[in-house]
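In case you want the letters, here they are:
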Amino acid sequence: MRNDDARQIGEELKGILERLKVLAKEERNQRGSDVEALEIAVVNVDSAIEILTE
């Protein structure tokens, strides 16, 4: 990504991704009802980061 502002957003999303991963892990361990939604969010945010920081 050549756009510096977009690249910066991608970098900022890395912290959010880590928080989502922790939430997804906790939800899996508790067999919570939000596991699938959190895992989808992890994949989508990870993809966005990859696109924005390439």
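My aim in this report is to walk through the structure given alongside it, one point at a time. (Residues numbered from 1 in each chain as written. Predicted model: local features only at pLDDT ≥ 70, side-chain atom pairs only at ≥ 80, totals over all residues. Heavy atoms only, no water.)

1. Thoughts on the overall build of the chain
Rules: Only DSSP runs of H or I covering at least 4 residues are called helices, and only runs of E covering at least 2 are called strands; the numbering of each starts at the N terminus. Radius of gyration: over C-alpha atoms. The globule rule applied is 2.2 Å multiplied by the number of residues raised to the 0.38 power. Each residue's exposure class comes from its accessible area (1.4 Å probe, protein chains only) as a fraction of the maximum for that residue type: buried when under 20%, exposed when over 50%, partly exposed otherwise. Residue contacts are defined here by distance: any two heavy atoms, one from each residue, within 4.5 Å place the two residues in contact. Where accessible areas are quoted, they stem from the Shrake-Rupley method and a 1.4 Å probe; at the residue level, only the protein chains shown are allowed to cover. When charges are counted, Lys and Arg contribute as positive and Asp and Glu as negative, whereas His and the chain ends are disregarded. In this description, the location of a charge corresponds to atom NZ of lysine, CZ of arginine, CG of aspartate or CD of glutamate.
On a plain count of helices and strands, the chain comes out with two helices and zero strands. Its C-alpha radius of gyration of 13 Å places the chain more than 25% over the 10 Å reference for a compact globule of 54 residues. By residue count, 24% of the 54 residues in the chain fall in the buried class. Across the chain, contacts joining residues at least 24 apart in sequence account for 59% of those joining residues at least 6 apart. Put simply, the chain shows about 4200 Å² of open surface, and 50% of that area lies on carbon and sulfur atoms. Across the chain, the mean location of the 8 positive side-chain charges is 5 Å away from that of the 13 negative side-chain charges.

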